[in-house]
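Fold and contact review
So the chains spell out like this:
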Amino acid sequence: MESIRQNFAGLGILFVLIGVFCISINDMLIKQLSGAYPLHQIVFARSAIGILFSLIIVQYEGGFGILRTNTPWQHALRGVLIVIANMTFFVGLAVLPLADVTALFFVAPLFITLLSVPMLGERVGPLRLSAVAIGFAGVVIMQRPWADAGSLDVNRIVLVLPVLAALTYALNQVLTRKLGVASKASAMAVYIQATFIIVSAGFYIVAGDGRFAEGTTNEPLIFLLRAWVWPSGADMWVFAGLGLNAAIIGYCLSQAYRLADAATVAPFEYIGLPLAVFWGWAVFGDLPVLEVWIGILLILGAGLFVYVRERQKARMLARRPFAGGAR
């Protein structure tokens, strides 16, 4: 039995590494496309192509019957939260360096720790609370509150968007933990992609002609509301790659957290930070400034400490089921 659990843990780690690598590719490609296409068009094309690949995997995992669920509203709420997380993240990505956005988003595990107290009734002791405070200190440093608006490259509101993305992502994760999900990984990917298609199609109906972007010089708003443009020949392949990537991401991350404990696989998501720094340097010529490096180290260290501490606490409770207290 122990060897089976270890094999599942190994598979979970493998799936999360593949998923996070594909996420880094996804973010890099969307940043490349952000100068010519609206966000809702990119999301629609990515999800429409991705859902086709996911439906093929659905057939492999049991057929269309596995798409039936007894908790449709739960999946709908999870889908909306993921859409908000993605939209705010990608709008920030259009104007901020890749590493900055990714680092700010990685406060999500710290939000999860805080939200687990009121939403799940979990006890979080002083060690983990101190780590959360250190992580958020990293966020504050990256926001550079001491700098005047003229010395910043972007509006301060844009700097908050990846943090909002992290918060809505954390709410989704806590909701999943609270309510439980018994669906197959491919079915869960289909639910999420269907939500993206519905929301982005709604954006097209309301703003697809670009009328709300006319006259504005605000880059995030332009990215969000510019008119749809038929992709050029080369970009068609980028859109296709985004769709395939979306299917791989949705399947791998869902499968990772189905096969292994979150405490086992979640720390490996932090491989996304060095990958973001690499793609930002290799493709866009960006390297983080000193404040961002400091923030990255604080957020990374705090997040990993929280995961390690949660795992230690779980092991102690497993050995002493009636032991109380939290640290």
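In case you missed it, the structure is sitting above this.
The rules behind each value
Residues numbered from 1 in each chain as written. Predicted model: local features only at pLDDT ≥ 70, side-chain atom pairs only at ≥ 80, totals over all residues. Heavy atoms only, no water. Core = buried A, V, L, I, M, F, W, Y, C linked by side-chain atoms within 4.5 Å. Buried < 20%, exposed > 50% of the residue type's maximum accessible area, 1.4 Å probe, protein only. Helix = DSSP H or I, 4+ residues; strand = E, 2+ residues; numbered from the N terminus. Contact = heavy atoms within 4.5 Å. Axes fitted to C-alpha atoms, helices over the stretch in contact; angles between N-to-C directions. Parallel < 35°, antiparallel > 145°, perpendicular 65-115°, else oblique. Left-handed = near helix turned anticlockwise from the far one by under 90°. Nonpolar A, V, L, I, M, F, W, Y, C, P; charged D, E, K, R; others polar. Salt bridge = Lys/Arg side-chain N within 4 Å of Asp/Glu carboxyl O. Disulfide = S-S within 2.5 Å. Phe/Tyr/Trp six-rings, centres within 6.5 Å; stacked < 30°, edge-to-face > 60°. Lys NZ or Arg CZ within 6 Å of the ring centre and 35° of its normal.

**Re the nonpolar core**
- Residues Ile42 and Val107 are the most contacted members of the largest nonpolar core, which totals 66 residues.
- Broken down by element, this core gets its largest block of residues, ten residues, from helix 3 (residues 72–95).
- When sequence neighbours within four positions are dropped, the list of residues in contact with Ile42 reads Ile30, Leu33, Tyr37, Phe223, Phe239 and Leu242.
- Membership of the second largest hydrophobic core comes to 13 residues, among which are Phe15, Leu253, Ala260 and Val265.

**Focus: the packing of helix 2 (residues 39–61) against helix 10 (residues 233–259)**
- Two elements in contact, helix 2 and helix 10, have axes whose closest approach is 7 Å; the angle formed by their N-to-C orientations is 50°. What the angle tells us is that helix 2 and helix 10 run oblique. The chirality of how helix 2 crosses helix 10 is right-handed. For the pair helix 2 and helix 10, the contacting residues are Gln41, Ile42, Ala45, Arg46, Ile49, Gly50, Phe53, Ser54, Ile57 and Glu61 in the first and Phe239, Ala240, Leu242, Gly243, Leu244, Ala246, Ala247, Tyr251 and Gln255 in the second.
- Among the residues forming the contact of helix 2 with helix 10, the class breakdown is twelve nonpolar, five polar and two charged.

**Structural notes on the packing of helix 4 (residues 98–105) against helix 6 (residues 126–143)**
- At a closest axis distance of 10 Å, the pairing of helix 4 and helix 6 adopts a crossing angle of 150°. When the interaxial angle is binned, helix 4 and helix 6 end up roughly antiparallel. When the axes of helix 4 and helix 6 are compared, the crossing they make is left-handed. Contacts between helix 4 and helix 6 involve Asp100, Ala103 and Leu104 from the first element and Val139, Met142 and Gln143 from the second.
- By residue class, the composition of the contact of helix 4 with helix 6 is four nonpolar, one polar and one charged.

**Topic: the pattern of salt bridges**
- Taken as a whole, this structure holds one salt bridge when the rule is applied.
- Between Arg211 and Asp209 there is a salt bridge, with its nearest N and O atoms 2.8 Å apart.
- By relative accessible area, which is 47% here, Asp209 ends up partly exposed.

**Remarks on the state of the cysteines**
- Throughout the structure, instances matching the rule amount to zero disulfides.
- Here Cys22 stays free of any disulfide, with the sulfur of Cys252 as its closest cysteine sulfur at 6.2 Å.
- Look at Cys22 and you get buried, because its relative accessible area is 9%.
- You can call Cys252 buried: its relative accessible area is 6%.

**Description of the packing of aromatic side chains**
- Under the counting rule described, the total for this entry stands at twelve aromatic pairs.
- On the basis of an interplanar angle of 55° and a centroid distance of 4.5 Å, the ring pair of Tyr204 and Trp228 is categorised as tilted. With a gap of 24 residues between them, Tyr204 in helix 8 (residues 185–207) and Trp228 in the loop between helix 9 (219–225) and helix 10 connect regions that are remote in the sequence.
- Tyr204 gets classed as partly exposed once you look at its relative accessible area, which sits at 43%.
- Assessed through its relative accessible area of 27%, Trp228 is described here as partly exposed.
- Their ring planes at 65° and their centres at 5.1 Å tell us that Phe278 and Trp279 sit as a pair that is edge-to-face.
- Members of the aromatic cluster, connected to one another through ring pairs, are Phe89, Phe90, Phe105, Phe106, Tyr169 and Tyr270.
- Positioned above the aromatic ring of Phe284 is the side chain of Lys31, whose terminal nitrogen or guanidinium carbon lies 5.6 Å from the ring centre.
- In this structure, Arg46 packs its charged tip against the face of Phe196, placed 5.3 Å from the ring centre.

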